[in-house]
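Structural description and commentary
Chain residues, written in single-letter form:
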Amino acid sequence: MTITSFYFLCFICVGALVYYIVPKRCQWMLLLAMSVAYYVLAQSAVAIVYPAVTIITIYLCALGISKTDNKKKKKLLLYIGCIVSVALLILVKYIPRSLFGLSEDVAQSGAFSAFMIIVPIGISFYTFSLLGYLFDVYYEMGEADTNIAHIATFGLLFPNMTSGPIMRYTDIKGTLFEGHKFSYENFTRGCQRILWGFFEKLVLAERFARVANEIFDSYDNYNGLYIILGMCAFTLQLYTDFTGCMDIVIGIAEALGIKMPENFKRPFMSLTIQEFWQRWHITLGTWLKNYLFYPLLRTEFFMKLPKTLKEKVGKKAAKRITTYLAMLILWTVIGTWHGGAWHYIIGVGILQWLFIVLEEMMEPAGDRLVDLLKLKKDGALVRTLGRIKVFILMTVAFAMFRSLTVMDSLKMMGRIFSKEGWKPVICEGLLAGLEWYEWVLMLVALMIFITVQVIADKNEGTTVRALIGKRALPVRWIIWIGLIMWVVLLGFYGPGFSAAEFIYQGF
Amino acid sequence: MTTEEIYEKLNEVFRDVFDDEDIEVNAETTADDIEDWDSLEHINLVNAVEGEFGIKFTMAQLQGFKNVGEMVDIIKTLI
């Protein structure tokens, strides 16, 4: 049951109806029941054992930490919580199932084998959210909750199981557990956001996916501009898919009166790669900063390193080397989080680190060039060039992320410069996987998407939905009904309606 | 140590960490007022402040400072 499926829509409609009928103090319990039901329906009753183990472990460890003053005991409980949940994550996600001699056929033969072969949905997301809660209790940045059902609701919250956002318990518990009276504004704004998410996912991402899949899966048939086209299509697919999913998830929460953290802030409007990562998958970045990067830089090794290096390389370089080393560890973890394979570790890990380090090191030279050409550093031209640079670098990195191996991605990118020359490849009447009118539909939708991004960027502090809300009634209705018609009639539903799966669901 | 003395020492630390001799902090100074004060430099700054005063902030304290005034209040409780 993906969140763009018909069944999921029915599930949400019935759930929202009951949510506003039950007494306010019971609303969060309904959310818990719906989350368990979603988990069972989307995967299987056996799969829920995984999050259940993590939830119980984290709940008990956090409670234990809050009840003792003994520092050693606190640390021990923190380690137990971390080891159990991280070990489960590594076991099901990163160790190939084939190591245990398990295959889909074996899974059919019994409950135990089935249990062993499952990769529970959202495991990275609930593990990180729950670990964050444990760290907050340990660092005294949040209180331990005595009610396990609260922790279970937080850990299992169903819209987040697909692709996040990763929540912080201290921030979400207020809005999650207080009752919510039906608010017409919240409800309609939530539904509008869900609709926009569907547009991004079904009208845009699914079409980009067709082009990207065609070119990435048979790159031997293509060269030159086609490869560039396929790579750009994947970058746009990944972005519209992920941000579309977030709009649906945050929109559902908004319709229920719950305020969830934002996960994207128009990342492709960034001028540098560092800024890009402050605006892409924001909750993962915040989590890693709070619970990995800061503690890492607070270890004795990293605190002493600048002093040790200072005498040899000078103060400035010593500080830089220390930061770059800590960042390398951080980026390796981010790459690994996406999957154990090298194309993930390099593409969305080490390569990003390299981009950021090079960007910083080349900044003075860039400034000099801007001065030499008598350009304005914050002028439109320099800013546009910065955005183009970010798009190109991220497209190269995402191509590696999308390819099956690092070698595959290099071979594919090598074909951009192939000597065969550029000629249109039309296979069975399709141009790179799409018919011509699909191309037109996709490009028109892309223009609308970019326009909305630009409007949103110029109106910080408000939303495009709020701006539309200020317009006259007929204008509002034309926009929203037009969007509904567009999604229903021109959404790309693929071979089966529920076939649309979010890329990030796998992480 | 008086509040003035704490600010005096803090100014030295800030100037050293951000490589800017013109920095003059007060209770209302925030990360927005100093160009290079991002999340990365924040940890470098905190580590340097700890070294200067011979104290140790908790993770909650170092993530909770909203301005230099709050940092000074915590320093006072630790020295």
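Residues numbered from 1 in each chain as written. Chains lettered and ligands numbered in written order. Predicted model: local features only at pLDDT ≥ 70, side-chain atom pairs only at ≥ 80, totals over all residues. Heavy atoms only, no water.

1. As for the nonpolar core
Filter applied, for reference: Joining through side-chain atoms within 4.5 Å is the link that ties buried Ala, Val, Leu, Ile, Met, Phe, Trp, Tyr and Cys residues into a set, and such a set is a nonpolar core. Relative accessible area decides the class of each residue, using a 1.4 Å probe on protein chains only: under 20% of the type maximum gives buried, over 50% gives exposed, and in between gives partly exposed. In DSSP terms, a helix is any run of H or I states spanning at least four residues, a strand is any run of E spanning at least two, and both are numbered starting from the N terminus. The contact criterion used is simple: two residues touch if any of their non-hydrogen atoms lie within 4.5 Å.
Counting 170 residues, the largest nonpolar core has W280 and F398 of chain A together with L10, F14 and F57 of chain B as the members making the most contacts within it. With 16 residues, helix α12 (residues 225-255) of chain A is the single largest residue contributor to this core. Sequence-distant contacts of F398 of chain A, defined by excluding residues within four places in its chain, comprise F234, T235, L238, F268, F276, W280 and V348 of chain A.

2. Brief notes about the packing of aromatic side chains
Test applied: Any Phe, Tyr or Trp ring, taking Trp's six-membered ring, that has another such ring centre within 6.5 Å forms a pair; planes under 30 degrees apart are called stacked, those over 60 apart edge-to-face, and the others tilted. Here, a charge over a ring is recorded when the distance from Lys NZ or Arg CZ to the ring centre is within 6 Å and its angle to the ring normal is within 35 degrees.
Inspection of the entire model under this criterion finds 49 aromatic pairs over all chains. When the ring of W196 of chain A is compared with that of F449 of chain A, the centres are 6.3 Å apart and the planes differ by 15°; the resulting orientation is stacked. In this pair, W196 of chain A sits in helix α11 (residues 184-217) while F449 of chain A sits in helix α20 (residues 436-458), placing the two residues 253 residues apart along the sequence. When sorted by exposure, W196 of chain A lands in the same class as F449 of chain A, which is buried. Its end group placed over the ring of F53 of chain B, K9 of chain B keeps NZ or CZ at 5.5 Å from the ring centre.

3. Describing the interface of chain A and chain B
Quick note on the threshold: Defined in terms of a 1.4 Å probe, buried area is the accessible area two parts forfeit on being brought together, summed over both. A pair is scored as a salt bridge if a Lys or Arg side-chain nitrogen falls within 4 Å of a carboxyl oxygen belonging to Asp or Glu.
Listed by partner, the interface residues are 18 residues for chain A and 18 residues for chain B. When the area that chain A buries against chain B is broken down by residue, the three leading residues are Y294, R298 and K319 of chain A, summing to 42%. The tally of links between chain A and chain B comes to four salt bridges. K315 of chain A is the partner of D16 of chain B in a salt bridge, and the nearest nitrogen-oxygen pair spans 2.8 Å.

4. A short note on a negative patch on the surface
Residue and element names in this part refer to chain B. What counts, and what does not: A patch consists of residues whose relative accessible area exceeds 30% and which take part in no salt bridge; residues with like charges are grouped when within 9 Å of each other, and nonpolar side chains (Val, Leu, Ile, Met, Phe, Trp, Tyr) when within 5 Å. Only the protein chains shown count as cover for residues, and all accessible areas are computed by the Shrake-Rupley method using a 1.4 Å probe. We count Lys and Arg on the positive side and Asp and Glu on the negative side, and we leave His and both chain ends out. For the purpose of locating charges, the reference atoms are NZ of Lys, CZ of Arg, CG of Asp and CD of Glu.
A cluster of like negative charges, contributed by D20, E21, D22, E35, D36 and D38, occupies part of the molecular surface. Turning to its location among the elements, E21 is positioned in the loop between α1 (3-18) and α2 (39-53). The exposure class of E21 is exposed, given its relative accessible area of 63%.

5. Section: the packing of helix α7 (residues 123-138) of chain A against helix α8 (residues 148-156) of chain A
Residue and element names in this part refer to chain A. The following threshold applies: Helix axes use the C-alpha atoms of the stretch in contact, all axes being lines fitted to C-alpha atoms, and the angles between their N-to-C directions lie in the range 0 to 180 degrees. Note on angle classes: values under 35 degrees are labelled roughly parallel, values over 145 roughly antiparallel, values of 65 to 115 roughly perpendicular, and the remainder oblique. Classification used: nonpolar for Ala, Val, Leu, Ile, Met, Phe, Trp, Tyr, Cys and Pro, charged for Asp, Glu, Lys and Arg, polar for all others including Gly.
Contact geometry of α7 with α8 gives a least axis separation of 8 Å together with a crossing angle of 140°. Taken as axis vectors, α7 and α8 run oblique relative to one another. Contacts between α7 and α8 pair Y126, S129, L130 and Y133 from the former with I151, F154 and G155 from the latter. Broken down by class, the residue content of the contact of α7 with α8 amounts to five nonpolar, two polar and no charged.

6. Comments concerning the confidence of the model for chain A
Reading fine detail from the predicted coordinates is not recommended where pLDDT is low. What counts, and what does not: A score between 0 and 100, pLDDT records how confident the predictor is in each residue.
Residues with a pLDDT of 70 or more make up 90% of chain A, whose mean pLDDT is 86. Contacts for the low-pLDDT stretch residues 495-500 of chain A, under 50 throughout, to residues beyond four places or in other chains number ten contacts.

7. A look at the pattern of salt bridges
Residues and elements named next belong to chain A. The full count for this structure, using the stated rule, is 25 salt bridges over all chains. As a salt-bridge pair, E360 and R320 come within 3.7 Å of each other at their nearest N and O atoms. With E360 in helix α17 (residues 342-372) and R320 in helix α16 (residues 315-337), this residue pair connects regions lying 40 residues apart in the sequence. Overlapping salt bridges, with partners in common, bring together K265, R266, E275, R279, D457 and E460 in one network.

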